[in-house]
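Each chain, letter by letter, is given below.
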Amino acid sequence: MDLKYETERLTIMVVRPEAADQVLDFYLRDQELFERYEPEKREGFYTLEGQRQIIALEYNSAVKGKVFRYFVYLKGFPRKIIGTICFHGIEYGYYSRCEIGYKFSSAYQHKGYATEALSFMTERIFVDLKIHRIEAWTLPENAASERLLKRVGFQYEGICRGHMQLHGKWRDHAQYSKVLPC
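First, a word on scope: everything that follows refers to the structure included in this document.

What counts, and at which threshold
Residues numbered from 1 in each chain as written. Predicted model: local features only at pLDDT ≥ 70, side-chain atom pairs only at ≥ 80, totals over all residues. Heavy atoms only, no water. Axes fitted to C-alpha atoms, helices over the stretch in contact; angles between N-to-C directions. Helix = DSSP H or I, 4+ residues; strand = E, 2+ residues; numbered from the N terminus. Parallel < 35°, antiparallel > 145°, perpendicular 65-115°, else oblique. Contact = heavy atoms within 4.5 Å. Nonpolar A, V, L, I, M, F, W, Y, C, P; charged D, E, K, R; others polar. Polar contact = N/O pair within 3.5 Å; in protein donor to acceptor, adjacent residues only side chain to side chain. Buried < 20%, exposed > 50% of the residue type's maximum accessible area, 1.4 Å probe, protein only. Expected span 1.5 Å × (residues − 1). Arc of directions from axis to C-beta.

1. With respect to the packing of helix 1 (residues 20-29) against helix 3 (residues 48-63)
Between helix 1 and helix 3, the shortest axis-to-axis distance is 9 Å and the interhelical angle comes to 110°. Judged by the angle between their axes, helix 1 and helix 3 are roughly perpendicular. For the pair helix 1 and helix 3, contact is made by Ala20, Asp21, Val23, Leu24 and Tyr27 and by Leu48, Gln51, Arg52 and Ile55, respectively. Its residues placed into classes, the contact of helix 1 with helix 3 shows six nonpolar, one polar and two charged.

Below, the structure is given as structure tokens:
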């Protein structure tokens, strides 16, 4: 996988610790929205130093082919992050699978940016890493996420009971997958 890609309207790249201010700004702009769907953040997450540390770990993981967190920018606006896509849980060999996570700033939703970015990046991981299956999980009440997944070719597989603990409570998640045609 490359660390930087461009689509018609977007620049999608793995960032270095020097971009910690941009990443922190992205998370803070929609902190309340993002936290509805994610586990609690560790202490220091919402600080520049915390982001520098996380970005350094994620960058090193990307170089090693273990985790790829891409940040999404509008072309021509290289300092304002509008979204992120992360491929994690990457397994090669017999399983040849990974999981995808994503989030986009509320100010940039309903403009097709998430569709453009996810469509492009799922194809890249199929081709570049020769991954066969990408899995996605979403809370059943997150209709916007479910529509996005279906729009980019994911298929609903069912409910996984007690899949993840969010805010002290075990929550069911809907499982989706996109499989490379055999």
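2. A look at the side chain of serine 177
The residue serine 177 is located in strand 8 (residues 169-179) in this model. Reaching out from serine 177, the side chain makes a polar contact with the side chain of glutamate 157 at a distance of 2.6 Å. With near-sequence residues (within four places) excluded, serine 177 lies in contact with Arg133, Ile134, Glu135, Gly153, Phe154, Gln155 and Glu157.

3. Regarding unusual backbone geometry
Phi angles above zero are rare outside glycine, and histidine 110 is one such case at about 65°. The phi torsion at histidine 167 lies on the positive side, around 55°, for a residue other than glycine. With respect to the helices, strands and loops of the structure, histidine 167 is situated in the loop between strand 7 (155-166) and strand 8.

4. A short note on the environment of isoleucine 90
Mapped onto the elements of the fold, isoleucine 90 is located in strand 4 (residues 81-91). Classification of isoleucine 90 as buried rests on a relative accessible area of 15%. Between the alpha carbons of isoleucine 90 and lysine 66 there is a distance of 6.2 Å; along the sequence they are 24 residues apart. Discounting chain neighbours no more than four positions away, the residues touching isoleucine 90 are Gly65, Lys66, Val67, Phe68, Arg97, Cys98, Leu129 and Ile131.

5. Considerations on the side chain of threonine 84
With respect to the element layout, threonine 84 can be found in strand 4. In this structure the side chain of threonine 84 is engaged in a polar contact, spanning 2.9 Å, whose partner is the backbone oxygen of tyrosine 70. When sequence neighbours within four positions are dropped, the list of residues in contact with threonine 84 reads Phe26, Arg69, Tyr70, Phe71, Val72, Gly101, Tyr102, Lys103 and Phe104.

6. Here's the deal with helix 3
A rise of 1.5 Å per residue sets the reference length of helix 3, with its 16 residues, at 22 Å; its end C-alpha atoms lie 22 Å apart and thus fit the reference within 8%. Taken together, the buried positions of helix 3 are occupied by Gly50, Gln51, Ile54, Ile55, Glu58, Tyr59 and Ala62. Taken around the axis of helix 3, the buried residues stretch over an arc of 160°, which confines them to a single face. Projecting away from the buried face of helix 3 at angles above 90 degrees are the exposed residues Leu57 and Val63. Those residues of helix 3 hidden inside the fold are in contact with helix 1 and strand 3 (68-74). Once helix 3 finishes, glycine 65 follows within two positions and takes phi at roughly 75°, a positive value.

7. Some words on helix 4 (residues 113-128)
Counted at 1.5 Å a residue, the expected span for helix 4 with its 16 residues is 22 Å, and the 22 Å between its end C-alpha atoms agrees. Buried within helix 4 we find Tyr113, Ala114, Thr115, Glu116, Ala117, Leu118, Met121, Thr122, Ile125 and Phe126. Lysine 130 occupies a position one or two residues after helix 4 and carries a positive phi of about 55°.

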